[in-house]
Amino acid sequence: MKRVFSGVQPTGNIHLGNYLGALKQFVDLQNDYESLFCIVDLHAITVPQDPKKLKENILDVAALYLAVGVDPKKSIVFVQSDVSAHSELGWILTCSSHMGELSRMTQFKAKTANTSNKDSIGTGLFSYPLLMAADILLYDTDVVPVGVDQKQHIELTRDLAIRVNNTVKKTFVVPEGRYIKEGARVMGLDDPTKKMSKSAENQHSRISLLDDDNKIKKSIMKATTDSEGIIRFDIEEKPGISNLLNIYSALTGEPVEDIVKSYDGKGYGDFKKDLVEVTQNSLKPIKERFNEIRHSQELIDILKDGAERADAIARKTMKRVKENFGLGL
């Protein structure tokens, strides 16, 4: 079987966009690929973190992996920092990279655009695409499921793998990106021109997987639409209602076209009420499973086992990497 790798940062409650764009894919992919799904805690510390809160967030994300249907019997679920080879390979790739290609990363530019003192920008924020590349290349990954906003990082990973293969010795599998479909790209409920985000100030801009039913209802009913009042899909002219249609479709599996037809002659109020029910029903089993496993020994055991299994793969890769680079004895 080909191998798939992906990871999620432990930076707070996972929202609907993370679920539909990433975690839901994980559940499907684990049946067709040898799968490794990681909580990338080393990436989280590119910005200051409260250590106690970070540990809680790591366990929250791990529990949500399992709650949405990632099966530890089919997939390796582990915490990134529990496998030291991520950092080791990250340094080797740092020495194989160029300042120019990192400075062109659009996400770095976006995250630092409003920083007045450029000298204060953390080095980790600049170089984290190299750690992401190490995450992927460490496991001879064939496929990386990511959002389209990560395409540039996948291209960098491919470039680094090809560069090493051509200048040192054939060392790495060159991975392919598996980009989410536009329909699964969930936008902010208050501003449908921007991606749904954990960091947005308005809590009603997003629906988190652990939100209670009242919060879900309030966020959806407050969601931005338009003054036309007609339910139709048009990303350019009607981004708000189109975003809600995408969410409805992604949660139910029903094509957007069929949903639009079923609401012919009805208004936004009826549609939003039904979307509230769809969302509440979809998230209910996730929350139940999360609460069941979050504070259990089972979760800790799964992560320890996952780290051991991941480390066994990583050690084989690092043996090859060190030999090809002439490192060690």
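Cut-offs used in this document
- Chains are numbered independently. Their residues run from 1 in the order of the written sequence.
- Owing to the predicted nature of the model, reporting of local features is limited to residues with pLDDT of at least 70; listing and counting of side-chain atom pairs is limited to 80 or more, with chain, interface and lining totals taken over all residues.
- The basis for every side-chain value is the complete set of heavy atoms in the structure, and neither hydrogens nor water enter the calculation.
- The secondary structure listing takes helices from DSSP runs of H or I that are at least 4 residues long and strands from runs of E that are at least 2 residues long, numbered from the N terminus.
- As defined in this context, the radius of gyration uses C-alpha atoms, and a globule is described by 2.2 Å times the residue total to the power 0.38.
- The cut-offs for exposure are 20% and 50% of the maximum accessible area for each residue type, with area from a 1.4 Å probe on protein chains only; residues under the lower value are buried, those over the upper are exposed, and the others partly exposed.
- When checking whether two residues touch, look at their non-hydrogen atoms; a contact exists if any pair is within 4.5 Å.
- The sign given to each residue is positive for Lys and Arg and negative for Asp and Glu; His and the chain ends receive no count.
- Just so you know, the charge point we use is NZ for Lys, CZ for Arg, CG for Asp and CD for Glu.
- The angle between two axes is taken between their N-to-C directions and runs from 0 to 180 degrees, where each axis is a line fitted to C-alpha atoms and a helix contributes only its stretch in contact.
- These descriptions rest on fixed angle ranges, namely under 35 degrees for roughly parallel, over 145 for roughly antiparallel, 65 to 115 for roughly perpendicular, and the rest for oblique.
- A clockwise turn of the near helix away from the far one marks a right-handed crossing, whereas an anticlockwise turn of less than a right angle marks a left-handed crossing.
- Under this definition, polar contacts are N or O atom pairs within 3.5 Å; protein pairs additionally need one hydrogen-donor-capable and one acceptor-capable atom, and for neighbouring residues in sequence, both atoms have to be side-chain atoms.
- By salt bridge we mean one thing: a side-chain nitrogen of Lys or Arg within 4 Å of a carboxyl oxygen of Asp or Glu.

### A closer look at the overall build of the protein chain
Item 1. Along the backbone of the protein chain there are 13 helices and 5 strands.
Item 2. Relative to the globule expectation of 20 Å for 329 residues, the C-alpha radius of gyration of the protein chain, 21 Å, shows essentially globular dimensions.
Item 3. If you line up the protein chain on its principal axes, its C-alpha atoms span 75 × 45 × 40 Å.
Item 4. Buried positions account for 49% of the 329 residues belonging to the protein chain.
Item 5. Taking contacts inside the protein chain between residues at least 6 apart in sequence as the whole, the part at least 24 apart equals 75%.
Item 6. Each charge sign in the protein chain was given a centre, from 45 positive and 46 negative side chains, and these centres are 3 Å apart.

### A few points about the packing of helix 4 (residues 85-94) against helix 7 (residues 123-137)
Item 1. Their axes nearest at 8 Å, the elements helix 4 and helix 7 cross at an angle of 120 degrees. One way to sum up the angle between helix 4 and helix 7 is to call them oblique. Like other packed secondary-structure pairs, helix 4 and helix 7 cross with a definite hand, here right-handed. Contacts from H86, S87, L89, G90, L93 and T94 of helix 4 reach helix 7 at L130, L131, A133, A134, D135 and L137.

### Looking at the side chain of R294
Item 1. Residue position: R294 is located in the loop between helix 12 (268-293) and helix 13 (297-325).
Item 2. Engagement of the side chain of R294 in a polar contact is seen with the side chain of D60, the distance being 2.6 Å.
Item 3. What R294 contacts, discounting residues up to four positions off in sequence, is E56, L59, D60, A63 and L299.

### Digging into the pattern of salt bridges
Item 1. Evaluation of the coordinates by the stated rule reveals 18 salt bridges.
Item 2. Linking R232 and E228 is a salt bridge whose minimum nitrogen-to-oxygen distance equals 3.2 Å.
Item 3. R232 sits in the partly exposed class, given a relative accessible area of 32%.
Item 4. We classify E228 as partly exposed; its relative accessible area is 39%.
Item 5. Two residues, E228 and K238, come together in a salt bridge whose shortest N-O distance is 2.7 Å. Residue E228 is found in the loop between helix 9 (213-221) and helix 10 (239-252), and its partner K238 is found in the loop between helix 9 and helix 10; the two are separated by 10 residues along the sequence.
Item 6. Among the charged side chains, a salt-bridge network with shared partners connects D226, E228, R232, D234 and K238.

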